[in-house]
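Overview (structure and organization)
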Amino acid sequence: MGVAVAISASSLCLTQSEKPRQSCQEHRPLQAGTMPDQFTFPCLLKACGVMEDLVVGQMVHGIAIKTGFESDVCVGCALVDMYAKCGSVADARQVFEAMPERNTISWTSMIAGYGEIGNGEEALKIFRQMQMGTTKPNRVTLISVLKASTGFGNVEQGKQLHTHIIKTGFDSDLSIQSAVVAMYAKSGCFEDVSKIFSKIPKVDLLAWNSMITAFVQNGYNHEALYSFSQMQFELMKPNQFTFASILRACASIRALKQSKEVHAYCIKNGLDSDIFVGSALVDTYAKCNRLLDACTVFDKLPHKEVVSWTAMIGGYVQNEHHEEAIKLFCQMQCTNVMADAFTFANVLSACASLKARQQGKQVHVHIVKIGFEENVAVGNSLVTMYAECGNMEDAYKVFNKMTDKNVVSWTAIIAGCEKNGLGNEALKVFEEMLFDSIKPNQFTFVSVIKACMSLKNLRYGKQLHAYIRKSGFEIDSFVGSALVEMYAECGSIEDAWKVFDNSAKDNALLWSEMIVAYAENGYDNEALSLLCKMEPAYMKENHFTFSSILKACASLGALEQGKGLHAYVIKIGLESDVFVGSSLVDMYAKCRSIDDASKMFNQMPERNIVSWNAIFAGYARNGYCQEAVKLFWKMQVGGMKPDQFSLVSILTACAALPALAQGLKVHACVIKTGYELNTAVGNAIVTMYAKCGCIKDSYKVFERMPERNVVSWNAMITGYAQHGCGKEAIQLFEEMLQIGIEPNHITFVGVLSACSHVGLVCEGRHYFISMSQVHGMEPRVEHYACMVDLLGRAGHLDEAEDFIKEMPFESNALVWRTLLGACRVHYNLDLGKRAAECVLALEPEDTATYVLLSNIYAVLGRWEDVAKVRKMMKDRKLKKEQGLSWIEVKNRVHTFVVGDRAHPQTEEIYSKLEELTGQIKEAGYFPDTSFVLHNVEEVQKEDFLFQHSEKLAIAFGLLSTPAGAPFQVIKNLRMCGDCHNVTKYISMVVGREIVVRDASRFHHFKDGLCSCGDYW
C-alpha cells in the first residue's frame, strides 16, 4: 500500500507541476504488480484529461475496472472528467449513468463535458436533473452551466440561470459575475451586460477579460477594441489573456495599424514572448496578409507550444503557402510538442488545397497512431481532405467510422460528393442527414443547392428552397446567392429574380450573382441596368465584396464600370490586396483590355496561384498564347507550383498555337505534379494533342483517363471531327450513349461537324432530328449552321437554303456565311449573291463575305464584278486577312506569307520548291490555275501558285526536319485546291507524312493520299 501512496503522491505532484505526460507514465509500475488505490486513479486520470490522451485514459479505466475501483465516487468523477476533456462525451455519460453515487464534481464534469462539445441543450438537461435531486451546485457548476448556456444560444435559459444565481447568493462571486457578463455578451444582450457591469462594485481584470472575450467571440470586434481603451482609461492593467483577445479582434477586422500598436504595448510590458500573446500575434499578422511579420514573431518565441505552432501553420494556410505549412508541420513532429485537433485541421487543409493525397494519408496515419481519429473536428478535416483530393472512397470510410457526427461532418461529405460530380449522391446523403435529425446549416444548404445546380434538377431545387424558407435560412447571404445561381443555371431567371427581390439589398455577393445570372442568360440590358443601380453603400470594404462585383463586370464585359471600381479600390487602399488584384486582372482580361490586365498583374506586390491563373487565362483567351506559355515557365522558376486551373489554361494555349513541343513539356509537368488523374486536366490534354495534329496520342490519353465526364467525350468527338475521322466520331458517340453519358449541345456540334467533314448526310439528318425527339434538347443556331455546312458541302444547296428559311428563329450571319462558303465550292453565283446580301445586311463590315463573293466571281471569270467588290472593300476601308502558314522547328516558329523572301533560308527554300515541282510534275501533277484569283496570264498564274505560303512552309519543313519524320504546317485560311493536290504528290515523292491544319480541319497527307478523301 505504501508504494501505491508514493505513486499517488508522485502523480499528484507531477500533475500539479504541469508535467502530465510524466504523470501518465507513472501508471507503468501498476502493471508490474503494485496495487493502486482510490487516490492513484484520480491523479492519473486528471493527467490524461489535461493531455487529452484518450488511449492512456482508457487503459487506466480498464485497470480501475479490473481492481474494482470503478464504483468509487472519486474515481468515477475522475473518469467522467477525463472522458469529457478528451472529447469522448458518450463514454463520459456512460460512466456517469453507471455511478451508484454522484456528487457535485461528477455532475459538474458532465455539464462541462457537454458544454465543451457545444451541446448546451444536453448540459442544461443534466443541470435540471441535478436541481431535482439533493446535490447542490457550487460555483464551478454554475460557471460551467453558464458557459454551456452561452454556447447553446438560449437567452431565456441564461436569464433563468442568472435568477437562480441571485437566489442562491452566488451573484457576488467575481468569477460567476464574469461568467454572467460573458453569457449576456455572447448572446448579444449588451444592455444586460452594461447593467451588470455597472452593479459590480469593483470590476476586476477577469470581468474585463470576460466581456472583451465575449465581444470578440460574438463578432463585436469594434466594441471589444473600445472596451480595451476604456479598460486602459480606468488604469486596469491588461494581462496576456486580454492581449490575446484584443489581437483576435484586430485579426478579425484586419486592423493592421491597431495590431502593431498592441504589439508595441506587449513589447513594452514584456509580454511579447508570452506563448498566448505570441501565438495571437502570429495569427493576427497572418490574417492581415503580413506573413513575414508573422514568421518573425514566431521565430523569436523562446518557447513554442502547440498553440504557436498551430498559429504559424494556420497562417501559412490562410496565405495559401500550403507547402510551407506542411514543411512546418514536419518540423513540429521533430520536437516534443504534440499536435492537437486544430493543428491537424490546418495541415489537412493544406493537403486538401494541394490535392496532396499521399501527404494527407501520412498525416492520417499519424492521427490514428496518437489516438486523434475519434476527435470530431479531426474526422471532419479528414473527410474534407480526401474529398478535395478526389478520393471519395476514403472520405466515406472516415465518415462511416465517426461515432460522433455533427452538422460539419455531414456538410463535409455532402460538399465532397458535390465537388466530385456525385450530385445525386449528395442529395441522398442530405436526406439521410435529415432522417438522423441533424439540422443543416447555411453551408450544408449551399452544397445541396450546388448539387441541384450541377444536376440541373429544378424540381428538387424548388423543394429545397421551400425547406430553406421554412428553416429561416433564406435570408443568409450565401444561401440566397446560391439560390440565385441555381435558378439561373436551371434557366429559371424569374425565380432567380424573386429570390433577389425578396432578399436584403446590402449583400454585394447577391447583387453580383443576379447580375451574372442576367448576363449569362442573355439579359444584357437588365444586367447592365442592375449594375448601375448598385449603390456603393452595398459594397462592404473588403476583398470578398469587390471580387464579387468585379466578377459581374467581367461577365458583362463592362469595362468602364470595372475601371470605376478599380479607382474606388485604389481610393480605399485595397488595390494591394492579392484577392482584389487577382479579380482586377481577371476583369480586365475578360473585358479584352489585356494591356490593363498585364499592367495590373505586374504591379501586384504579392501574387498567389489565383493571380497567375487569371493572367494565364487572360492571355490565352485574348490570343496571346505565346506570352501565356512563357509566363507559365517563369512562374515555376519563381517557385510557384501550378494547380489544375493553371495547367488547363496553358494546355489550352498550346492547343491554340498549336505548339506540340510546349504541349509535351506541359504534359510532363502534369505527370510530375500529380494532376494526370484530374479529369479537367485530362480533357485539356486530349484537346491539346488533337489540335496539335496528334489524334492517336489524343485517343491514348482519353482511353487511359480513370474518370470521363461529358466534356471528355466531347473533346475526343470534336478531335475526331477536326481530323476528318467521321466514322470514329460517330462510333464514339454511340459508345457514350451506351454507357449512359447524356450528351449536351456541344456533343451534337461535334457529331454534326464530323458528319459534315466526311459527307455523311443521312447520318447527320438522323442525329439532328434525335436532338429534340430522343434527347429533349432544342437545336441552337450552331447546330443549324452545321446542317447547312453538311448539306452545302454535299452539293444540296437549295435544300440548305430551305433549311435556313425554316429555322424556328432568326438566322444569323454565321449560317448565311456557311452557305456562302458552300456556294464558293460549287460555283453557285446566284445563291452565293443572296447569301452574301444576307450576311452583309447583318454584318456590313464582314471582310470574309466580300472575299468569298469576290472569289466566286473570279472563278467564273467575271473580273469586272471582282473589281466592284474590291472597290466596295476599299471604300469601306476593309482589308482582306493575309494568308499565313507557319511551322514550328526546334521550339521556334517560322512564319511565311505568299511570295515570302524574308526568311534567312529563302534561297534554299525556293531551290527545294523548284526541285519538288519538277519531281511531282514527273509523277503526274498539273497546276490548277483556277485557284489564282487574279486576272493575269496563265504563266503568271503558275508563278503565283508556286509561291503560296503553305508550299513555302512545306519546303522549309523538308529542309529542317529529319528525313522520314512527319511534320506539321498550320494555315490561317482554307487550304486552296492546288496546294492540297501538290501536298499529296509531295508526300508520295518524298515518302513523308505531312499534316496541314487549315482554318476548318486537319489534313493528313501520306503516300499521295489525304485523310479528307478530297472532301473538304
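Note that the coordinates shown come from a computational prediction; the quantities given were computed from them, not determined experimentally.

Here's the deal with the overall build of the chain
- Check the secondary structure of the chain and you find 57 helices and 6 strands.
- Along the three orthogonal principal directions, the C-alpha set of the chain runs to about 120 × 65 × 60 Å.
- Expressed as a percentage of its 1016 residues, the buried residues of the chain come to 52%.
- Considering only residue pairs separated by 6 or more positions, the chain has 62% of its internal contacts joining residues 24 or more positions apart.
- Accessible area for the chain stands at about 47700 Å²; split by element, carbon and sulfur atoms hold 52% of it.
- Taking the average place of the 100 positive charges on the side chains of the chain and the average place of its 112 negative ones, the gap between the two points comes to 3 Å.

Remarks on the nonpolar core
- By size, the foremost hydrophobic cluster in this structure holds 237 residues, and its most contacted members are Met312, Ile413, Met514 and Leu819.
- The biggest single contributor to this core is helix H32 (residues 508–520), with 9 residues.
- Leu44, Met130, Val180 and Tyr184 belong to the second largest nonpolar core, which has 45 residues in total.

Focus: the pairing of strand E3 (residues 967–971)
- Counting buried residues along E3, 5 of its 5 residues qualify, which places the element largely inside the surrounding structure.
- Burial of the side chains of E3 extends over both faces: Phe967, Val969 and Lys971 are buried on one face and Gln968 and Ile970 on the other.
- Taken together, the 2 bridges between strand E1 (residues 884–889) and E3 define a ladder with antiparallel strand orientation. Note that in E3 the partner of Trp886 across the bridge is Ile970.
- Pairing analysis gives 4 bridges linking E3 to strand E4 (residues 994–997), with the strands arranged parallel. When the bridges of E4 are listed, Val969 appears paired with Val996.
- Taking the sense of rotation as the criterion, the β-α-β connection linking E3, helix H57 (residues 977–990) and E4 turns out right-handed.

Some remarks on the pairing of E1
- Relative to strand E2 (residues 892–897), E1 is paired through 6 bridges, and the arrangement is antiparallel. Following the sheet pairing, Leu884 is matched in E2 by Val897.
- Counting the residues that bridge the hairpin from E1 to E2 gives 2 residues, and of these Lys890 lies at a positive phi of roughly 55°.

A word on the environment of Met110
- Its location among the elements puts Met110 in helix H8 (residues 104–116).
- Distance from Met110 to Ser144, taken between C-alpha atoms, is 9.6 Å for residues 34 residues apart in sequence.

A closer look at the packing of aromatic side chains
- One pass over the structure, following the stated rule, counts 32 aromatic pairs.
- Taken together, the aromatic side chains of Phe601, Trp612, Phe616, Phe632 and Trp633 make up a single cluster linked through ring pairs.
- We note Lys304 situated over the ring of Phe298; from NZ or CZ to the ring centre the distance is 5.1 Å.
- Positioned above the aromatic ring of Phe601 is the side chain of Arg607, whose terminal nitrogen or guanidinium carbon lies 4.3 Å from the ring centre.

Things to note about the packing of helix H30 (residues 477–489) against H32
- H32 packs onto H30 with a crossing angle of 5° between their chain directions and a minimal axis gap of 9 Å. In this view, H30 runs roughly parallel relative to H32, as classed from their interaxial angle. Along the contact surface, H30 presents Ser477, Phe478, Gly480, Ser481, Val484, Glu485 and Ala488, while H32 presents Leu509, Leu510, Glu513, Met514 and Ala517.
- Looking at the contact of H30 with H32 residue by residue, the class counts come to 7 nonpolar, 3 polar and 2 charged.

Some remarks on the pattern of salt bridges
- In the structure shown here, the tally under the stated rule is 31 salt bridges.
- Measuring nitrogen to oxygen at the nearest pair gives 3.1 Å for the salt bridge that ties Arg93 to Glu122. With a gap of 29 residues between them, Arg93 in helix H7 (residues 89–98) and Glu122 in helix H9 (residues 120–132) connect regions that are remote in the sequence. Just as Arg93 is buried, Glu122 falls in that class too.
- One salt bridge in this structure joins Asp596 and Lys563, with 4.0 Å as the shortest N-O distance. Of the two residues, Asp596 sits in helix H37 (residues 594–603) while Lys563 sits in helix H35 (residues 559–571), which places them 33 residues apart along the sequence.
- According to the relative accessible area criterion, Asp596 is partly exposed, its value standing at 26%.
- Relative accessible area serves as the criterion here: at 34%, Lys563 is assigned to the partly exposed category.

Focus: the sheet that holds E4
- Reading across from one edge, E2-E1-E3-E4-E5-E6 is the order of the 6 strands in this open sheet, with mixed pairing throughout. Each edge of the open sheet is held by one strand with a lone partner, namely E2 and strand E6 (1009–1010).
- Bridging between E4 and strand E5 (residues 1002–1006) involves 4 bridges; their strand directions are antiparallel. Among the inter-strand pairings, Arg997 is bridged to a residue of E5, identified as Phe1002.

Quick word on a nonpolar patch on the surface
- On the surface, a nonpolar cluster with roughly 260 Å² of combined accessible area is contributed by Phe241, Phe276 and Val307.
- Tracing the backbone through its elements, the reader meets Phe241 in helix H16 (residues 240–252).
- The class of Phe241 is partly exposed, set by a relative accessible area of 42%.

Description of helix H45 (residues 726–738)
- Taking 1.5 Å of rise per residue, 13 residues should cover 18 Å, and H45 covers 19 Å from first to last C-alpha, within 8% of that figure.
- Where H45 is concerned, the buried positions are Gly726, Ala729, Ile730, Leu732, Phe733 and Met736. The buried residues of H45 occupy one face: seen down the axis, they fall within an arc of 160°. What points out from H45, more than 90 degrees from its buried face, is the exposed set Lys727, Gln731 and Gln738.
- Tucked into the core, H45 has its buried residues touching helix H43 (695–704), helix H44 (710–722), helix H46 (745–758) and helix H47 (761–773).
- Phi for Gly740, located one or two positions after H45, is positive at around 90°.

So, the confidence of the model for the chain
- Here the chain averages 86 in pLDDT, and 92% of its residues register 70 or above.
- Across the chain, element-level confidence peaks in helix H56 (residues 949–960) with a mean pLDDT of 95 and bottoms out in helix H1 (residues 2–16) with 42.

Overview of H30
- The end-to-end C-alpha distance of H30 is 18 Å, a good match for the 18 Å that 13 residues give at a rise of 1.5 Å each.
- Three or more residues of H30 are buried, namely Val479, Gly480, Ser481, Ala482, Leu483, Val484, Met486, Tyr487 and Ala488.
- Looking at where H30 begins, the residue whose side-chain oxygen comes 3.0 Å from the main-chain nitrogen of Phe478 is Asp476.

Looking at a positive patch on the surface
- Positive charge collects at one region of the surface, where Lys696, Lys700, Arg704 and Lys1006 lie side by side.
- Among the elements that line the positive patch, the one with the most residues is H43, at 3 residues.
- Of note, Lys700 is situated in helix H43.
- Overall, Lys700 belongs to the partly exposed group, its relative accessible area being 43%.

Thresholds, definitions, all that
- Residues numbered from 1 in each chain as written.
- Predicted model: local features only at pLDDT ≥ 70, side-chain atom pairs only at ≥ 80, totals over all residues.
- Heavy atoms only, no water.
- Helix = DSSP H or I, 4+ residues; strand = E, 2+ residues; numbered from the N terminus.
- Buried < 20%, exposed > 50% of the residue type's maximum accessible area, 1.4 Å probe, protein only.
- Contact = heavy atoms within 4.5 Å.
- Areas by Shrake-Rupley, 256 points an atom, 1.4 Å probe, with all protein chains shown as cover.
- Lys, Arg positive; Asp, Glu negative; His and termini not counted.
- Charge placed at Lys NZ, Arg CZ, Asp CG, Glu CD.
- Core = buried A, V, L, I, M, F, W, Y, C linked by side-chain atoms within 4.5 Å.
- Pairing = 2+ DSSP bridges.
- Right-handed = clockwise from strand over helix to strand, strands pointing away.
- Phe/Tyr/Trp six-rings, centres within 6.5 Å; stacked < 30°, edge-to-face > 60°.
- Lys NZ or Arg CZ within 6 Å of the ring centre and 35° of its normal.
- Axes fitted to C-alpha atoms, helices over the stretch in contact; angles between N-to-C directions.
- Parallel < 35°, antiparallel > 145°, perpendicular 65-115°, else oblique.
- Nonpolar A, V, L, I, M, F, W, Y, C, P; charged D, E, K, R; others polar.
- Salt bridge = Lys/Arg side-chain N within 4 Å of Asp/Glu carboxyl O.
- Patch = residues over 30% accessible without salt bridge, like charges linked within 9 Å, V, L, I, M, F, W, Y side chains within 5 Å.
- Expected span 1.5 Å × (residues − 1).
- Arc of directions from axis to C-beta.
- pLDDT = per-residue confidence, 0-100.
- Polar contact = N/O pair within 3.5 Å; in protein donor to acceptor, adjacent residues only side chain to side chain.

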